[in-house]
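# Inside the fold
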Amino acid sequence: MQNIEDVKNNLLSQIAASDFPREILKSSELKKLYGAISSMPVEQRGIYGKSINDLKIVLESAVLTKETEAEDLSVEQIDITAPFDVNGGKIGLLSAENGSSHPLTTELENVINIFTRMGFEAIESRQIDDDNHMFGTLNFPDNHPARDGYDTFRTEEGFIPPAHTSTMQNRILKAGKAKLEADGQIAAVSYGRVFRNEDIDATHEHTFYQCEGVFVSSDATLGQMLGTLRSFFEVYYGQKLKIKTQPAYFPFVEPGLEFAIEKPVALGGKPGEWLEMLGCGMIHPNVLRSAGIDPEKYRGFAWGGGIDRLVMLKYGIEDIRHFESGKLAFLRKFV
Ligand code: DAH
């Protein structure tokens, strides 16, 4: 009887540990217990046989329990919509290994938030465009050398992946004309990818991001533009900044300016170290005319600049190529 108790304990623990618990019922230890019946005095056989049958019932039920447990695991439902890693048994935000926002995406959202809070509508730019929006409506005369300043890619059909977000100006002006006449102003920013066929180095990429701003009213001024841009940069970098401008030529503005900020000391700058951030100016009458807006009644200002550069300064990123590199070591710094 002691032997039966030993076999029972042994087989129960084997069943608990096994992936195929039913196999344990074929154990030779069990067979031996049955085999022992025939060599036993007849009067003991009844009790002994009953003990073995009881043992068998206990083992069968342990096997069943174990099999049901395994089945439960295999049909456990996972929640594919869960924003948390509940399926892995861990509750908490997704780890970096499950993906995170690209720094340019995060910062573009910051930029757009600042402008929309100032009252600008935000419109995503497009990634394929035509000669008319890239140059024609922006007052670049045919064959004008200023066109060479943009190393545009071109498809065989003559389409252009935009080399600046200024391609959106004509669309913003046309779409806003009714609003201009009704409410007295157009205020919009357009953001997105731009492409240039140029040599690549630490400060030049073939693919980067820009944000363009357009404001039109009956009395827009250069002073309003400088105030808008100063506010934007001060909010974005979270501190007061020194700004300066210098004359620059862009066919779509007159006058045209380059806008610079003094590199913040907190970001490693020295006093007197200026960084050119964008191009801007008063919208050229021909650009307003190309959208059907009368330059005698309305005037506007526009600006456009790179997002990558903005973000590089904010985080001290030394090479623009990191952004499109897909390097995880770089991306993990922004989780
Ligand atoms: N599109 C110009 C560039 O990428 C930047 C620019 C200059 C945009 C002046 C403007 C502007 O809207 O008024 O080089």
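Quick caveat: nothing in here was measured; it's all calculated off a predicted structure. Every chain's residues receive numbers from 1 upward, in the order its sequence appears when written. pLDDT decides what is reported in this predicted model: residues at 70 or higher carry local features, side-chain atom pairs at 80 or more are listed and counted, and totals for whole chains, interfaces and linings draw on all residues regardless. By convention in this description, side-chain values take in all heavy atoms of the structure and omit both hydrogens and water.

## Structural notes on the pairing of strand 4 (residues 243–247)
Side chains on a regular strand alternate between the two faces of the sheet. Cut-off, in case you're wondering: At least two DSSP bridges between two strands are required for those strands to pair. Helical segments are the DSSP runs of H or I of at least four residues, strand segments are the runs of E of at least two, and each set is numbered from the N terminus.
Here strand 4 runs beside strand 5 (residues 253–262); their pairing, made up of five bridges, is antiparallel. Residue pairing for strand 5: proline 247 is matched across the bridge by leucine 257.

## Some remarks on the sheet that holds strand 3 (residues 207–217)
Put simply, the rule is: For helices, the fitted line uses only the C-alpha atoms of the stretch in contact; every axis is such a line through C-alpha atoms, and the angle between N-to-C directions lies from 0 to 180 degrees.
With respect to topology, seven strands assemble into an open sheet ordered 1-2-3-7-6-5-4, the strand pairing being mixed. Each edge of the open sheet carries a strand with a single partner, namely strand 1 (121–124) and strand 4. Strand-to-strand twist of the sheet, defined as the mean angle between neighbouring strand axes without regard to direction, takes the value 25°. Where strand 3 and strand 7 (residues 299–306) come together, eight bridges link them in antiparallel fashion.

## Digging into the domain arrangement of the chain
What counts, and what does not: Annotation comment: domain bounds sourced from an automatic or database domain assignment.
In terms of domains, the chain is made up of domain 1 (2–96) and domain 2 (103–329). Computed from C-alpha coordinates alone, the two centres of domain 1 and domain 2 are separated by 71 Å.

## Comments concerning the site of the ligand
Worth spelling out the cut-off: Nearness is defined per residue: one heavy atom within 4 Å of the molecule or strand is enough. Throughout this description, a polar contact denotes any pair of N or O atoms lying within 3.5 Å of each other; where both atoms belong to protein, one of them has to be capable of donating a hydrogen while the other can accept it, and for residues adjacent in sequence the pair is counted only when both atoms sit in side chains. Methods summary: accessible areas were calculated by the Shrake-Rupley approach with a probe of 1.4 Å, and residue burial reflects only the protein chains presented. Residues were grouped as follows: Ala, Val, Leu, Ile, Met, Phe, Trp, Tyr, Cys and Pro as nonpolar; Asp, Glu, Lys and Arg as charged; and all remaining residues, including Gly, as polar.
Near the ligand lie 16 residues; those nearest to it are His164, Ser166, Arg196, Gln210 and Glu212. Between the ligand and serine 166 there is a distance of 2.9 Å, counted from a nitrogen atom to a side-chain nitrogen or oxygen. Taking arginine 196, its side chain carries an N or O atom lying 3.0 Å from an oxygen atom of the ligand. Across the complex, the protein chains shield 94% of the 350 Å² of accessible surface that the ligand would expose by itself. Contributions of two or more residues to the shell around the ligand are made by strand 3, strand 6 (274–283) and strand 7. When grouped by side-chain class, the residues that make up the shell around the ligand number seven nonpolar, seven polar and two charged.

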